[in-house]
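Fold and geometry: a report
Each chain is listed here by its residues.
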Amino acid sequence: MHDIDRLVAGIAPDPGPGRTPLAGELLEEITSLPPSEPGPRRRWPAMRRGVRRWVAVPVLAVLTAALSFGVAQAPASAALDIELVDGHYVITVNDLMADPEVYEAELRARGLDIALRLVPTSASLTGQMFVINDLDLLRSGEPVPAEGPIATIDGPGPCRRLTGCPVGLKVPVDFDKKAEVTLGRRARPGERYKMPPGIAMYGEPLHCVAYINRTVAEIRTILLDRGVTPSFISPGQGSRPSAPGDWFVHDGVMAADGQALLLVGPERRTSHHPPQPGC
C-alpha cells in the first residue's frame, strides 16, 4: 500500500516524514472496490505550451495495475495529439475514455514505452496527472528521483490544486525508460473514486473548513447539510456508517459523488495539513 500512501501525500501532504499507517487504513477502504462500467467520453481543454512544473510522482502503480476498463476503442488518430517541438514530444489527450492500448500504440510508434491509465475521480481532480518516470526503478524498490525527464504542462490561468493543473506532457524524443502516467477522468454516477480527492480541496465540501481535530458530531452535521453522507474508518476497523460523536476527525477524502470517508479516533491528531489554495 505504500504507493497509495504517496497518492494521499500528494493530495493532502502531511508535514511529517514518510507514510502514515492511518493514511493506508483510510485509502485501503476506497481502493478495494472495483470500477464501474464506462460512460460517455470527455475531452480535455486546449494545452498551453509553457511548462510550469516538473513532476515525477512514483504513485499509483498498485491502483492502475488493478484497473480494467471495457471501453470501446476510439480511432488511434483521435486519442492523442502528439507534436514534435524542440526535441520533445508535446502530448495532449483528446479522449479520456479511449482504450489504454490506443494511447500506448501511438506512443510506441514514436519509440516511447509509456503506459497511460485512466481512473475515476471527482470534478475537482478530472484531468489530474501523475507520472512515474522510471517504472522499472520503482518496482525494484530503489529510490525514485523527485524530478525526471517527463514534464507536465499546466493549463492557462490560476491553479487551485497543490499538485498542479496539468493538461499535457513534454517528453524528450530520446526518452528510453519505461514510464507510467495516470489520468483522472470524471467518475460516472455511483462510481467509486480511484483517485480520491482530499475532502478540503478546492471544489470539495470542506474546502476552507478547519475540520481536523473537530468532533465527529460537528463534521457529520456540516457534511449532511451540504448533501454529503459520511462514513468512518479508524485504525484496525473497516468503514462503518457511524462513529462516536465525541471522537475527533483526523483526515478525510471523498469516496464518490456525495460520499465522504473520514479517518477518526478517540484522541486529537498531533499535526495539521497545510492550508489549501484559495482559503
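Description of the structure in this document.

What follows deals with empty space enclosed by the protein. Evaluated as defined, the whole model comprises two cavities of 30 Å³ or more. Each pocket or cavity is described by its volume, and for the second largest cavity that value is around 30 Å³. Residue lining of the second largest cavity: Ile91, Thr92, Val93, Leu116, Met129, Gly168, Leu169, Val181 and Leu183, and that is the complete set. For the lining of the second largest cavity, the secondary-structure elements that each account for two or more residues are strand 3 (88-93), strand 7 (166-172) and strand 8 (178-186). If one sorts the elements of the lining of the second largest cavity by residue count, strand 3 sits on top with three residues. Here the lining of the second largest cavity is built from residues that sort into seven nonpolar, two polar and no charged.

Burial within strand 7 is extensive, with six of its seven residues counted as buried. By the bridge criterion, five bridges tie strand 3 to strand 7 in an arrangement that is antiparallel. The residue of strand 7 that forms the bridge with Val90 is Lys170. Where strand 6 (residues 151-154) and strand 7 come together, four bridges link them in antiparallel fashion. Counted as the bridge partner of Asp154 is Pro166 from strand 7.

Tallied over the full model, the rule gives one disulfide. The disulfide that involves Cys159 links it to Cys165, with 2.1 Å between the sulfurs. Its S-S torsion of approximately 85° makes the covalent link between Cys159 and Cys165 right-handed. For the pair formed by Cys159 and Cys165, the shared burial category is buried.

Now for the sheet that holds strand 4 (residues 113-121). Read across the sheet, three strands follow the order 4-8-5 without closing on themselves; strand pairing throughout is mixed. The sheet terminates laterally at strand 4 and strand 5 (129-132), the two strands that pair on one side only. In this sheet, neighbouring strand axes are inclined to one another by 20° on average, regardless of whether the strands run parallel or antiparallel.

Bringing the environment of Leu137 into the picture now. Within the fold, Leu137 resides in helix 6 (residues 135-140). Its relative accessible area of 23% is what places Leu137 among the partly exposed residues. Separated by 42 residues in sequence, Leu137 and Ala179 place their C-alpha atoms 9.9 Å apart. Excluding residues within four positions of it along the chain, Leu137 makes contact with Glu142, Pro143, Val144 and Pro145.

A few words on the nonpolar core. Among the nonpolar cores identified, the biggest contains 24 residues, and Leu80, Ile91, Ile114 and Leu116 are the most heavily contacted of them. Put simply, the parts of the chain that give this core at least two residues each are strand 2 (80-85), strand 3, helix 5 (100-108), strand 4, strand 5, strand 7 and strand 8. Among residues more than four places away in sequence, those in contact with Ile114 are Glu104, Leu107, Ile150, Val171, Phe175, Ala179 and Val181. Ranked by size, the runner-up nonpolar core spans 20 residues in total, among them Ala187, Ile219, Val228 and Val264.

Residue position: Arg161 is located in the loop between strand 6 and strand 7. The charged side chain of Arg161 is buried without a salt bridge, its nearest counter-charge being Asp154 at 7.6 Å. Side chain to side chain, Arg161 and Gln128 meet in a polar contact 3.1 Å long.

Under the counting rule described, the total for this entry stands at eight salt bridges. Residue Arg117 pairs with Glu104 through a salt bridge whose shortest N-O separation is 2.7 Å. Here Arg117, found in strand 4, pairs with Glu104, found in helix 5; they are 13 residues apart in sequence, far enough to count as distant. What makes Arg117 partly exposed here is its relative accessible area of 26%. Classification of Glu104 as buried rests on a relative accessible area of 14%. With a closest N to O distance of 3.9 Å, Arg117 and Glu180 form a salt bridge. Within this pair, whereas Arg117 is found in strand 4, its partner Glu180 is found in strand 8, the two being separated by 63 residues in sequence. A residue is classified by how much of its surface remains accessible, and Glu180, at 5% relative accessible area, is buried.

What counts as what
In this numbering scheme, every chain counts its residues from 1 along its sequence in written order. Totals for whole chains, interfaces and linings use all residues, but because this is a predicted model, local features are given only for residues with pLDDT of at least 70 and pairs of side-chain atoms are given and counted only at 80 or more. Side-chain descriptors were evaluated using all non-hydrogen atoms of the structure, hydrogens and water having been removed beforehand. We place a 1 Å grid over just the protein atoms. Points where a 1.4 Å probe fits but has no way out form a cavity, open points with protein on both sides within 12 Å along at least 5 of 7 lines form a pocket, and any residue with an atom within 4 Å of a point lines it. Grid points are joined across faces, edges and corners, and a volume is the space filled by probe spheres set on the points. Each helix is a run of H or I in the DSSP string that is no shorter than four residues. Each strand is a run of E no shorter than two, and both are numbered from the N terminus. Classes in brief: Ala, Val, Leu, Ile, Met, Phe, Trp, Tyr, Cys and Pro nonpolar; Asp, Glu, Lys and Arg charged; the others, Gly included, polar. Partly exposed residues are those whose accessible area sits between 20% and 50% of the maximum for their type, while under 20% is buried and over 50% is exposed, using a 1.4 Å probe and protein chains only. Any two strands are treated as partners once DSSP identifies two or more bridges connecting them. When two cysteine sulfur atoms lie within 2.5 Å, the pair is treated as a disulfide. The convention used is that axes are lines fitted to C-alpha atoms, helices contributing only their stretch in contact, and that angles between N-to-C directions extend from 0 to 180 degrees. Working rule for contacts: check all heavy atoms of both residues, and any pair within 4.5 Å makes them a contact. The set of buried Ala, Val, Leu, Ile, Met, Phe, Trp, Tyr and Cys residues whose side-chain atoms join them within 4.5 Å is what this entry labels a nonpolar core. Counting rule applied: Lys, Arg positive; Asp, Glu negative; His and chain ends not counted. Salt bridge criterion: a side-chain nitrogen from Lys or Arg within 4 Å of a carboxyl oxygen from Asp or Glu. Polar contacts here mean pairs of N or O atoms no more than 3.5 Å apart (in protein, one a potential hydrogen donor and the other a potential acceptor; neighbouring residues in sequence count only if both atoms are side-chain atoms).

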